[in-house]
Amino acid sequence: MASIIDSIIGYVSPEAGLKRARARAAMNLVQRSYDGAKTGRRTNGWTSGGNSANAEITPALTLLRNRSRDLIRNNPYAKKAISTYVSNAVGTGIIAKIDNSQTQKLWEKWIKECDADGQHDFYGLQSLAANTIKESGEVLIRLRYRLPADGLSVPLQLQVLEPDYLDNLKTETLRNGGWIQNGIQFDPLGRREGYWLFKSHPGEISPILNSLVSVFIPATDVLHIYEKTRPGQSRGVPMLAASMLKMRDLDDYEEAELVRKGIEACFAAFVTTGDESATMGESSTESDTSRRLETLSAGMIQYLKPGEDVSFGAPNASNGYNEYIRTQLHAIAAGAGITYEQLTGDLSQVNYSSIRAGTLEHRRSVEQFQWLTFIPMLCDAVMKAWLNTAQISGKIKKTDVQVRWTPPRWDWVDPVRDMTGELLEVAAGFKPWGEAVRGRGYSPDENIAEISAEQEKFRKAGIEIKINDLALGAASSSVQNANQNQSSSN
């Protein structure tokens, strides 16, 4: 019927017919819209803004950072979440393998003297930087170029700084068309020119004179490392930002339960009697308050007079306490990017398959952080600065070397099954042998050299060992046993 009326109106007045068609199309568009974008009773109070990433982060960053540190200091789950993620992402260090042996030796010497504070090697600085990124949302590493008289193998050191050093309040427009936003200076094309840093930490107990006056440091001398999740985002957000409120609420809930139990435990017995001087056990009087105290001992027998009665306090059970705690910890773990089992150490509700599936998902997240954030923004940047400095100082002749980074190896839940699968992949040609070795934290070249030297020792001793045959034989045997177990269970 509507189409007939539309046709008649369009025939009489084409302009009116066009308006009617547009109105009908708009109504259809509204009817097909997303439920999440509709307004009404269900969405009253749901406010959401369309601000940029920097507009959302800037006013909240300092408070988020301070609260994150407070939780890590005082909340065991927050501390466990950060330490678990960092230990999986960095572990004992992400190792560099350079294809030039002379450059590799120089690098291995320098990484032991690279810390400007003189306390860590390069792997310790990696752990410190990763921990700061997850705790505070970002980290600054200042490249400190030294004099030849300092006696370093390469005149360069690294100084790890907390993001508090960045002048968050310095925001202005520059005359050349560039701008400064949250302490970061950009050129007219949006490239980073430098950073406005304080000379000392603004929260230091004994601040150095003029410490609250920021100075400009060129971007070539500073590495700013953070996880960038939105286009245009110039500052990082702490890892626990999504879980902070739930952690705080959980602390308050547990404290309320503790107080309630303590109050209930204070009332041991209730005596009904008309004699105010009657006592149930041994009585005494406080010297300062003159209050009467009574003590009940184990195995005591007390006879009551007619009309007297006694009842004992029975604390109420906390129904649903464990279920509520577990549900909240699941949400906290999800917000922190780790599994519930990693957060709590509770393995009572998992089996091999479920914990393996959860572990694999977590490892994908960690590998994403390693290869998309940490390695390109820290490891590669440090290596580039080190190679340039080594060449300028005459330590090496060329900088066009190939560098391969090897993160710490993963330990599986069932090493036999996983090793069997990896052996079969290598034997079938689906996976290079060198990749399998690097995945376990070893250098393929060094591995070959050590195996060759050991086989030579065995040969001289008259012992013949074929490693590949042994490995493939073990893999085949393991697969057969697994198939037999699966058949018997079915």
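This text goes with the structure placed above it.
The structure reproduced in this document is the subject of the present report. (Residues numbered from 1 in each chain as written. Predicted model: local features only at pLDDT ≥ 70, side-chain atom pairs only at ≥ 80, totals over all residues. Heavy atoms only, no water.)

We now examine the pattern of salt bridges. A pair can form between side chains of opposite charge whenever their charged atoms are brought close. All told, the structure shown has 13 salt bridges when counted by the stated rule. Of the charged contacts in the structure, one is a salt bridge between Lys134 and Glu227, with a shortest N-O distance of 2.7 Å. Of this pair, Lys134 sits in helix α6 (residues 122-136) while Glu227 is found in the loop between β9 (222-226) and α7 (244-266), placing the two residues 93 residues apart along the sequence. Here Lys134 falls in the buried class, since its relative accessible area comes to 4%. The residue Arg260 makes a salt bridge to Glu257 at a minimum N-O spacing of 3.1 Å. Taken together, the residues span about one helical turn, with Arg260 and Glu257 both in helix α7 at a distance of three residues. Given a relative accessible area of 15%, Glu257 falls into the buried group. (Salt bridge = Lys/Arg side-chain N within 4 Å of Asp/Glu carboxyl O. Helix = DSSP H or I, 4+ residues; strand = E, 2+ residues; numbered from the N terminus. Buried < 20%, exposed > 50% of the residue type's maximum accessible area, 1.4 Å probe, protein only.)

Now for the sheet that holds strand β8 (residues 215-218). Taken together, the five strands give an open sheet; going across it, the order is β4-β5-β6-β7-β8, and neighbouring strands pair in antiparallel fashion. In the strand order of this sheet, the two ends are held by β4 (172-173) and β8, each with one partner. (Pairing = 2+ DSSP bridges.)

For the rest of this paragraph, the subject is the packing of helix α4 (residues 76-89) against helix α10 (residues 352-392). Contact geometry of α4 with α10 gives a least axis separation of 9 Å together with a crossing angle of 70°. The angle between α4 and α10 places the two elements in the roughly perpendicular class. Between α4 and α10 lies a crossing of right-handed hand. Residues Tyr85, Asn88 and Ala89 of α4 touch α10, and the partners they reach there are His362, Ser365, Val366, Phe369 and Gln370. By residue class, the composition of the contact of α4 with α10 is four nonpolar, four polar and no charged. (Axes fitted to C-alpha atoms, helices over the stretch in contact; angles between N-to-C directions. Parallel < 35°, antiparallel > 145°, perpendicular 65-115°, else oblique. Left-handed = near helix turned anticlockwise from the far one by under 90°. Contact = heavy atoms within 4.5 Å. Nonpolar A, V, L, I, M, F, W, Y, C, P; charged D, E, K, R; others polar.)

Moving on, we come to the packing of aromatic side chains. In the structure shown here, the tally under the stated rule is 13 aromatic pairs. What links up through ring pairs into an aromatic cluster is the set Trp107, Trp110, Phe122, Tyr123, Trp386 and Trp405. Lying across the ring of Tyr85, Lys134 places its NZ or CZ 4.1 Å from the centre. Above the face of the Phe369 ring, Lys134 is positioned so that its terminal group lies 4.2 Å from the ring centre. (Phe/Tyr/Trp six-rings, centres within 6.5 Å; stacked < 30°, edge-to-face > 60°. Lys NZ or Arg CZ within 6 Å of the ring centre and 35° of its normal.)

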